[in-house]
Amino acid sequence: MKQSKKSIIFSYAILIFATLIVLLPFFWMLVSSFKSQRELFAYPPTFFPSVWKWENYKQVLSAGSISFFQMFLNSMKVTLPVVVLNITFSSLAAYAFARINFPFKKFIFMMFISSMMIPAAVVMIPRFMLFTKLKMIDSAFYFPLILPSAFGTAFSIFLLRQFFMTIPVDLEEAAVIDGCGKFRIWATIIVPLSKPIIATLSVFLFQGTYNDFMGPLIYINSDKLFTIQLGLASFRNSFATRYDLIMAGSMLALIPVLIIYIVCQKYIVKGIVMSGLKG
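Okay, so let's go over this structure. All figures in this text were calculated on a predicted structure; none of them were measured in a lab. (Residues numbered from 1 in each chain as written. Predicted model: local features only at pLDDT ≥ 70, side-chain atom pairs only at ≥ 80, totals over all residues. Heavy atoms only, no water.)

Counting its secondary structure elements, the chain contains 14 helices and zero strands. Ordered by position from the N terminus, the helices and strands of the chain form the series α-α-α-α-α-α-α-α-α-α-α-α-α-α. Taking the principal axes of its C-alpha atoms as reference, the chain extends roughly 70 × 70 × 30 Å. Each of the 279 residues in the chain was classed as buried or not, and the buried ones make up 35%. At a minimum sequence separation of 6, the contacts of the chain that also span at least 24 residues come to 71%. (Helix = DSSP H or I, 4+ residues; strand = E, 2+ residues; numbered from the N terminus. Buried < 20%, exposed > 50% of the residue type's maximum accessible area, 1.4 Å probe, protein only. Contact = heavy atoms within 4.5 Å.)

Here's what the structure looks like:
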């Protein structure tokens, strides 16, 4: 049924209004990053700063015992290995659950899914004791932050498995006739056809790992190993909290997340569209 002109205008009006509501906190953070500490708490409050303080960004980039750029590199040392390793091993496990028959497959998969119900706080102390025994605390290789998620998570495996099951089996049967093994089928057929879900999962993993604060707080003690989230927390101490610098630092920390989302956006949209189709 063809939509009327009024309904189309109303739909766009609702979407524009919802977009403004979502973007308002980010815009407020942006303009607040140019305010002085006093103006942030001025009464009556002002939305735009009276004087745009570009010095806030200069102080963020040079403040502390470690540069902001070094903290960014430290965050990437954790985030990129987690994303690459998690997707690689999760896709292998998901392919096995989706296509390969083996004993107790459903039971093992249900055990994987049930692990999602375990709160992270439950394993926090045992995990810390394990890495302490292994002498990996405050390591420049960030093993405690990479290893727990590197070999796949229940959410990643579940998401990839559900997508793999929508891929037609005929493609794999044709590959088997041509002499392809399971690993080659995964590498040359399954993974290339799964770019939308892999891009979506990459954004989730990147954002979750990059924005993680509790993990670095527990396992990192040296200033030179600080990630961006710990660096932002360093602007808050027992005597004062520099909210102006926190706003400026948060804007800089937001840039990599925006870039990875913009790069993967078309695949994410494609994945959402394809999720409504049956294979």
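Summed over the entire model, instances satisfying the criterion amount to 18 aromatic pairs. On the numbers, 5.2 Å between centres and 70° between planes, the contact of F47 with F48 is edge-to-face. You can call F47 partly exposed: its relative accessible area is 33%. Ring pairs connect the aromatic residues F97, F102, F109, F112 and F158, which therefore count as one cluster. (Phe/Tyr/Trp six-rings, centres within 6.5 Å; stacked < 30°, edge-to-face > 60°.)

Evaluated as defined, the whole model comprises two salt bridges. The partner of R99 in a salt bridge is E172, with the nearest N and O atoms 2.2 Å apart. You can see R99 sitting in helix α4 (residues 68–99) and its partner E172 sitting in helix α9 (residues 169–177), a full 73 residues away along the chain. The buried category is assigned to R99, whose relative accessible area is 16%. Note that R242 is salt-bridged to D244, the shortest N-O span being 2.8 Å. Note on R242: relative accessible area 29%, which makes it partly exposed. Judged by its relative accessible area of 1%, D244 is buried. (Salt bridge = Lys/Arg side-chain N within 4 Å of Asp/Glu carboxyl O.)

Packing of α4 against helix α11 (residues 195–210) brings their axes to within 9 Å, and their N-to-C directions diverge by 145°. For the element pair α4 and α11, the recorded crossing hand is right-handed. Across the interface between the two elements, F72, S75, M76, V78, T79, L80, V82, V83, N86 and I87 of α4 pack against I198, L201, S202, L205, F206, T209 and Y210 of α11. (Axes fitted to C-alpha atoms, helices over the stretch in contact; angles between N-to-C directions. Left-handed = near helix turned anticlockwise from the far one by under 90°.)

The next thing to look at is unusual backbone geometry. Most peptide bonds take the trans form, and the phi angle of most residues other than glycine is negative. Even without a glycine there, the phi angle at F104 is positive, about 60°. The topology assignment puts F104 in the loop between α4 and α5 (105–114).

A few words now on helix α3 (residues 55–62). Taken as a whole, α3 has its buried residues at N56, Y57 and V60. One face of α3 carries all of its buried residues, which in axial projection span an arc of 95°. Structural note: α3 exposes K58 and S62 on the side pointing more than 90 degrees away from its buried face. (Arc of directions from axis to C-beta.)

Another point: the environment of N56. Examined against the element boundaries, N56 turns out to sit in helix α3. For the pair formed by N56 and K195, sequence separation is 139 residues and the distance between their alpha carbons is 40 Å. Apart from residues no more than four positions distant in its own chain, N56 is found in contact with S33, F34, K35, D244, L245 and A248.

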